[in-house]
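Structural features, examined
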Amino acid sequence: MKLIDGKKVANEIKEEIANEVQQIKEEGGKIPHLAAIIVGHDGASETYVGHKEKACTQVGFDSTVLRFEDDIAEDTLLRKVHELNDNPDIDGFIVQLPMPKHISEQKIIEAIDPKKDVDGFHPINIGRVVIGLPAYVSATPAGIIELIKRYNIETSGKDVVVIGRSNIVGKPISILLSQKADPGNATVTLTHSRTKNLKEVVSRADIIIAALGNAEFLTADMVKEGATVIDVGITRVKSDKTKSGWKLLGDVKFDEVAEKAEYITPVPGGVGPMTIVSLLQNTLKAAKGEIYPKF
Ligand code: GUN
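Residues numbered from 1 in each chain as written. Predicted model: local features only at pLDDT ≥ 70, side-chain atom pairs only at ≥ 80, totals over all residues. Heavy atoms only, no water.

As a further point, take the site of the ligand. All residues in the neighbourhood of the ligand are listed as Y48, K52, V95, Q96, L97, D119 and F121. Measuring from a nitrogen atom of the ligand, one finds a side-chain N or O atom of Q96 at 3.0 Å. Between the ligand and the protein, one listed contact pairs a nitrogen atom with a side-chain N or O atom of D119 at 2.6 Å. Its free accessible area being 280 Å², the ligand has 75% of it covered by the protein chains. (Near = heavy atom within 4 Å. Polar contact = N/O pair within 3.5 Å; in protein donor to acceptor, adjacent residues only side chain to side chain. Areas by Shrake-Rupley, 256 points an atom, 1.4 Å probe, with all protein chains shown as cover.)

Take the packing of helix 6 (residues 139-150) against helix 7 (residues 170-178) next. Closest axis-to-axis distance for the helix 6/helix 7 pair is 9 Å, and the angle between their directions is 40 degrees. The way helix 6 lies across helix 7 gives a crossing that is right-handed. Residues P141, I144, I145 and I148 of helix 6 lie in contact with helix 7, whose contacting residues are P172, I173, L176 and L177. When the residues that make up the contact of helix 6 with helix 7 are grouped by side-chain class, the tally is eight nonpolar, no polar and no charged. (Axes fitted to C-alpha atoms, helices over the stretch in contact; angles between N-to-C directions. Helix = DSSP H or I, 4+ residues; strand = E, 2+ residues; numbered from the N terminus. Left-handed = near helix turned anticlockwise from the far one by under 90°. Contact = heavy atoms within 4.5 Å. Nonpolar A, V, L, I, M, F, W, Y, C, P; charged D, E, K, R; others polar.)

This part takes up the confidence of the model for the chain. On average, the chain scores 97 in pLDDT, and the residues at 70 or more come to 100%. Ranking the elements of the chain by mean pLDDT puts strand 9 (residues 235-238) last, at 94, and strand 5 (residues 159-163) first, at 99. (pLDDT = per-residue confidence, 0-100.)

A separate point is the pairing of strand 2 (residues 33-39). Burial analysis of strand 2 places seven of its seven residues in the buried class, the great majority of the element. Side chains H33, A35, I37 and V39 of strand 2 all project onto a buried face; the interleaved residues L34, A36 and I38 project onto the opposite face, where all are buried too. Regarding the hand of the β-α-β motif, the stretch spanning strand 2, helix 2 (residues 43-59) and strand 3 (residues 62-68) is right-handed. Note: strand 2 against strand 4 (residues 92-95), four bridges, orientation parallel. Residue pairing in the sheet places A35 in a bridge with F93 of strand 4. (Buried < 20%, exposed > 50% of the residue type's maximum accessible area, 1.4 Å probe, protein only. Right-handed = clockwise from strand over helix to strand, strands pointing away. Pairing = 2+ DSSP bridges.)

Before going further, it helps to spend a moment on the sheet that holds strand 7 (residues 207-210). Taken together, the six strands give an open sheet; going across it, the order is 1-11-8-7-5-6, and neighbouring strands pair in parallel fashion. In the strand order of this sheet, the two ends are held by strand 1 (2-3) and strand 6 (187-191), each with one partner. Where strand 8 (residues 228-231) and strand 11 (residues 263-264) come together, two bridges link them in parallel fashion. The residue of strand 11 that forms the bridge with T228 is Y263. Here helix 7 sits on the sheet and contacts strand 5, strand 6 and strand 7; the angle it forms with strand 6, its principal contact strand, is near 170 degrees.

Quick look at the structure:
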């Protein structure tokens, strides 16, 4: 069994980005600038945005956080999105989800200029991913692709089974791995709660992407000897063995599956650390005009 060390890869990529930013600075170029909108005081959202700000500082990006109370009107928030769209100093921005109930998340996402949509949530970016055009790919699928690349895991001709059909993980990773690309060229099966004989389908897979959000769902009896197992789940459960009183569980029963897998991602320290790095990579691409050229 070989562990896919997402934390180590994420640190390596951050160092690469930091070096590139240093070079941009020396050449007098534009420092990448990421902004985030956060509404209300959701604990998890505060933590995520805090991590994103810290990561920006680590690599030398400029970062701005716009905070609003959770009673902000939808049209006021839409105006803020348009202001960021029109601000030439901001290369990319995200609107941290979830939003309060009175605000339509879809409306907000569709108001973001696709050229600044570094989360890759706008239908234009999703559509461009589907037809293989340059696009901002959302953080988790982009992070999985990066891990597959850096560990030289062969995907061409392999049987991939994705468990979970969410818009931000299951669907896009299925598309990306089935594309005529490297990584890609896999035969992908996208499974979900209505899939019949799930165990039988999963046990044929060379590569399993577990992204259903059900703690320790994938057990060793569902895994072929020598498979690659990518665990996207993060479920917080109470624990009397940790200082905080909580621990994180993935969608994979790690100890038993690790005995059969050739490659496996741990939780925490696998896919998770890659997601912020993907956001930084997208922001750098935005600043450089790599996806949508700046004229
Ligand atoms: N909430 C949880 N994860 C994310 C993310 O990646 N982007 C945004 N905008 N909100 C989130």
